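# Chains, contacts and geometry: an overview
Residue-level listing of the chains:
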Amino acid sequence: MAAQRAEDRPADTAPALRQDFANLIDGELVGGEAQIEVIDPALGTAFACCPAAARADLDRAVAAARRAFAGWRAASYEVRRAAIRRMAELLREHQGPLAELLTLEQGKPLGQSRDEITRAATQSEGLAQIPIASETLLEDAERRIELHYHPLGVVGIITPWNAPINLAAGPLVSALYTGNTVVLKPSPYTPLSTLRIGALLREVFPRGVVNVLAGGDELGQWMSEHPGIDKISFTGSVATGKKVMASAAGTLKRLTLELGGNDAAIVLDDVDPASIAPKLFFAAFVNSGQVCMAIKRIYAHERIYEALCAALAAEARKTRVGSGLDRETELGPIQNREQYERVLGILAATRASGARILAGGEPPARPGYFFPPTIVADIDESSRLVQEEQFGPIVPVLKFSDVEDALRRANDTRYGLSGSVWSRDPERAAALAARLEVGTAWVNQHRATSATVPFGGAKESGLGRQYSILGLKSYMEPRVVSVLKRPA
Ligand code: NAD
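Residues numbered from 1 in each chain as written. Predicted model: local features only at pLDDT ≥ 70, side-chain atom pairs only at ≥ 80, totals over all residues. Heavy atoms only, no water.

## Re the packing of helix α2 (residues 77-93) against helix α5 (residues 164-177)
Where α2 meets α5, the axes come as close as 9 Å, and the angle between the chain directions of the two elements is 155°. In this view, α2 runs roughly antiparallel relative to α5, as classed from their interaxial angle. In the packing of α2 onto α5, the handedness of the crossing is right-handed. Contacts between α2 and α5 pair Y77, R80, R81, I84 and M87 from the former with L172, V173, L176 and Y177 from the latter. Broken down by class, the residue content of the contact of α2 with α5 amounts to 7 nonpolar, no polar and 2 charged. (Axes fitted to C-alpha atoms, helices over the stretch in contact; angles between N-to-C directions. Helix = DSSP H or I, 4+ residues; strand = E, 2+ residues; numbered from the N terminus. Parallel < 35°, antiparallel > 145°, perpendicular 65-115°, else oblique. Left-handed = near helix turned anticlockwise from the far one by under 90°. Contact = heavy atoms within 4.5 Å. Nonpolar A, V, L, I, M, F, W, Y, C, P; charged D, E, K, R; others polar.)

Now the structure itself:
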């Protein structure tokens, strides 16, 4: 999505938009000439606008981050940890208004927006607790070999629109705790809550340590190419991740890529379909399926197939879809028109293939990008819904009779983010889960993550890991000091 200039909109149709948002550059809140209009997905109309950073804004932000780096890298882990704790406190103190803003721009129910903020705060504190120490790899009478970790410099963080606060917090805290400074760019679809957090962080970090710039896709490209940025931490689609990698090649930037997934859940023959259906449903449909690690394909053993399909369809029918601001709502709209139209296209292809639609499948005729939770049975493996990352509230249930066949089909994809196996016998499931070609394989659960456990994708679902000591070290350069204990 490219930034739209306010003057491009016909004046007589322009509604009054909230304009109280600014970029954060070198500790100052700054406006800009070009504007991004932010759409409320529950209405399909713009409700706010914010500045779209120009290339000169990026240059200023990078220069500020480079200036701030010397001081911030010299600060102790204790000082940086304390600042991150203060950031977490601020997120909690401002949870109400931030959650409302997140729901307005992203669409998710208010309770889930609040959860996202709580989670961002908890994960931030968790990451900043992890000790990072130099290591002695060898020490004897002759030699000592030490391994030290140093911050990289300026980290550019690029985030998507499905969970803007949580997906910014992980890389932001990882970069800052390890002594780097940051330029953070949210998605042009959901820039507002990130800009608001940027404004709050002025009181926490020295000027220039955190810079927040809203902008279109071109800003992400400029960041990926920028010679003053040492690492890009990118969360988004596989296609864009590849572009980031190509743009970053010129300066050989360090990269963490958290990309899409097509997670399979394999449900074995011994489960009680009624008791696991709500858990599977939630893991597939929360945030209207717009979660990288949502269940996107369900492989069910033929013995429990029909019963599971019926139980999932019952869950879908009783789920309340509506505006995220409505307290009754369990699923909000799809976040943007382009994604809504993509999911409509997948639905049309699914219908045309002759698959059985057990629940949903009829988007309501109302403003906004609403789409009912849709359960599809008896669908061909080669269909778009099975092969692509749908990233929306429509999920296929596929039948298997041989568990080896289920495993082969689950792994037969270029994605490899995560997956799960469900059984009455956790050890039987664990043996199968270990054979899923993914970054994270769960047993009798899906979407369980924590600050101390690495998360990231195998295959084309990503590069590197976030969270845990593994994730933190990817924001640092290892440096070996090898000492021969003899006078020269
Ligand atoms: P996207 O790739 O379209 O955009 C993500 C970000 O990249 C946005 O800020 C966008 O402006 C920016 N961008 C676009 N073109 C760019 C370019 N050429 N160079 C640099 N930056 C550019 O993704 P999206 O549609 O916002 O998000 C949905 C995708 O994100 C899904 O595929 C989802 O699975 C994935 N995702 C992955 C994770 C994970 O942790 N693995 C988490 C959440 C979402």
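## Section: the state of the cysteines
Counted under the stated rule, the structure contains 0 disulfides. Cysteine C49 shares no disulfide, and the gap to the nearest cysteine sulfur, in C50, comes to 7.2 Å. (Disulfide = S-S within 2.5 Å.)

## Concerning the site of the ligand
Neighbouring the ligand are 29 residues; T159, D217, S237, L259 and E389 lie closest to it. Within the contact set of the ligand, an oxygen atom lies 2.7 Å away from a side-chain nitrogen or oxygen of D217. Taking E389, its side chain carries an N or O atom lying 2.6 Å from an oxygen atom of the ligand. Bound to the protein, the ligand loses 91% of the 860 Å² it would expose on its own. In a pocket analysis with a 2 Å cut-off to the grid points, the ligand is assigned to the largest pocket. Those elements that place two or more of their residues in the shell around the ligand are α7 (217-225), β10 (231-235) and α8 (238-249). Take the shell around the ligand: its biggest share by element is 4 residues, from α7. Here the shell around the ligand is built from residues that sort into 13 nonpolar, 11 polar and 5 charged. (Near = heavy atom within 4 Å. Polar contact = N/O pair within 3.5 Å; in protein donor to acceptor, adjacent residues only side chain to side chain. Areas by Shrake-Rupley, 256 points an atom, 1.4 Å probe, with all protein chains shown as cover. 1 Å grid on protein atoms, 1.4 Å probe; cavity = no way out; pocket = protein on both sides within 12 Å on 5 of 7 lines; lining within 4 Å. Sits in = over half its atoms within 2 Å of the grid points.)

## As for the pairing of strand β13 (residues 295-301)
Among the 7 residues that make up β13, 7 are buried, leaving the element largely enclosed by the rest of the structure. With 5 bridges connecting them, strand β12 (residues 263-267) and β13 associate as parallel partners. In the strand pairing of β13, D263 is matched with I295. Following the backbone out of β12, through helix α9 (residues 273-285) and into the adjacent parallel β13, one traces a crossover that is right-handed. By the bridge criterion, 4 bridges tie β13 to strand β16 (residues 394-400) in an arrangement that is parallel. (Buried < 20%, exposed > 50% of the residue type's maximum accessible area, 1.4 Å probe, protein only. Pairing = 2+ DSSP bridges. Right-handed = clockwise from strand over helix to strand, strands pointing away.)

## Regarding the environment of A458
Structurally, A458 can be placed in the loop between β18 (440-443) and β19 (462-463). Beyond its immediate sequence surroundings of up to four residues, A458 is in contact with Y415, G416, E437, V438, G439 and R465.

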